[in-house]
Each structure stands twice: as structure tokens, then as C-alpha cells.
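# Descriptive structure summary
Here's the letter readout for the chains.
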Amino acid sequence: FARARHLATWKAGVAEAWRGVAIVDVEGDVTAGRVGAERSIVARVRTGHLSPEDISVQLAHGRVGGSGSLIAPQIVPMAMVDRYDDVFTYRGTFTTTAAGLYGFAVRAVPAHEDLASPMELGLVNWA
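Residues numbered from 1 in each chain as written. Predicted model: local features only at pLDDT ≥ 70, side-chain atom pairs only at ≥ 80, totals over all residues. Heavy atoms only, no water.

### What about the overall build of the chain?
Tallying secondary structure elements over the chain gives 1 helix and 8 strands in all. For the chain, the α and β elements follow one another from N to C terminus as α-β-β-β-β-β-β-β-β. Along the first, second and third principal axes, the C-alpha atoms of the chain reach 50 × 30 × 25 Å. Within the span of the chain, comprising 127 residues, buried residues form 37% of the whole. Sequence-distant contacts, at least 24 apart, represent 64% of the contacts inside the chain between residues at least 6 apart. Accessible surface computed for the chain: about 7200 Å², of which carbon and sulfur atoms make up 54%. The average position of the 12 basic charges and that of the 13 acidic charges among the side chains of the chain differ by 5 Å. (Helix = DSSP H or I, 4+ residues; strand = E, 2+ residues; numbered from the N terminus. Buried < 20%, exposed > 50% of the residue type's maximum accessible area, 1.4 Å probe, protein only. Contact = heavy atoms within 4.5 Å. Areas by Shrake-Rupley, 256 points an atom, 1.4 Å probe, with all protein chains shown as cover. Lys, Arg positive; Asp, Glu negative; His and termini not counted. Charge placed at Lys NZ, Arg CZ, Asp CG, Glu CD.)

Here you go:
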């Protein structure tokens, strides 16, 4: 049961340290796009006492509906590209599949190979 004990210890540590995780800044193009336009999004994430391996930074993107919310967003992982102290820079890209207004959001969730789901701990930060 060593693997289960390790996961339980990891979960407790992440839950305790999660308040130190914050999405500091997000940059990206929010103008209307043409079909096939590639968009690049950059996010800076403070990990606090956690390592970047404990966190998955993800890009949610999709068309924007009349209420301003994303319609059926797709979730893609963002790649870490830089570090300054405990702030890590992540980059993600997507290609628009239809003309019109596209939106995006960035989220940070716990990441561990033994989690049944990234939402298992109920911890998520959005920007």
C-alpha cells in the first residue's frame, strides 16, 4: 500500500499549500478571428510551496456565446517555458475552427499520475 500512502500524503500537502498557487497574469489575443488562425496564450503562475510537477496549467478555449461565456470549451495543457523564482511562465496555442469571437481561460489544477481526475481534490484556480 506504499503507493496509496504516498498519494494520500501528497494530497494532504497539496491541499495545505494550494492557497499559495495563483495565476498572476494571462496574455493573449481576444479579437475576432478567421478560420484557421493560430492563437498563442501566455500565463504566469505562482506555485508557492508546490513544484511545477504538482500542478497542471491548462488552457480552455472556444467560441464565445451571446452571454460572453465559452461554448463547449476544449481543454489543452500548457507547456512551461520559463521560470523566475516561484513564478513559472506557461505557453499554450490553439487554432480557431470557425470565424467569430474566440475566448479563453487558464486554469491551474493539481497534477499527479495516480489522481482519478484533476478535479478529485476540488482545487482549481481560474484566470
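### Some points on the pairing of strand β2 (residues 38-46)
As paired strands, strand β1 (residues 22-27) and β2 are joined by 5 bridges and run antiparallel to one another. If you follow I23 over to β2, its bridge partner there is V45. In this sheet, strand β6 (residues 87-95) lies alongside β2 in antiparallel orientation, the contact comprising 9 bridges. If you follow E38 over to β6, its bridge partner there is T95. (Pairing = 2+ DSSP bridges.)

### What about the nonpolar core?
Formed by 24 residues in total, the largest nonpolar core has its most connected members in W18, M78 and V106. Secondary structure elements with two or more residues in this core: α1 (2-17), β2, β3 (55-64), β6 and β7 (102-110). With sequence-adjacent residues up to four places away left out, V106 is seen in contact with I23, V26, I41, A43, V57, Q58, L59, M78, N125, W126 and A127. (Core = buried A, V, L, I, M, F, W, Y, C linked by side-chain atoms within 4.5 Å.)

### Side note on the side chain of S56
When you line up the elements, S56 lands in strand β3. A distance of 3.3 Å separates the side chain of S56 from the side chain of Q58, its partner in a polar contact. Each residue touching S56, except ones within four places of it in the same chain, is listed here: R107, A108, V109 and A111. (Polar contact = N/O pair within 3.5 Å; in protein donor to acceptor, adjacent residues only side chain to side chain.)

### Details of the environment of E38
Take E38: it is sitting in strand β2. A C-alpha to C-alpha distance of 4.3 Å links E38 and T95, two positions 57 residues apart in sequence. Aside from chain neighbours lying at most four places away, what touches E38 is T93, F94 and T95.

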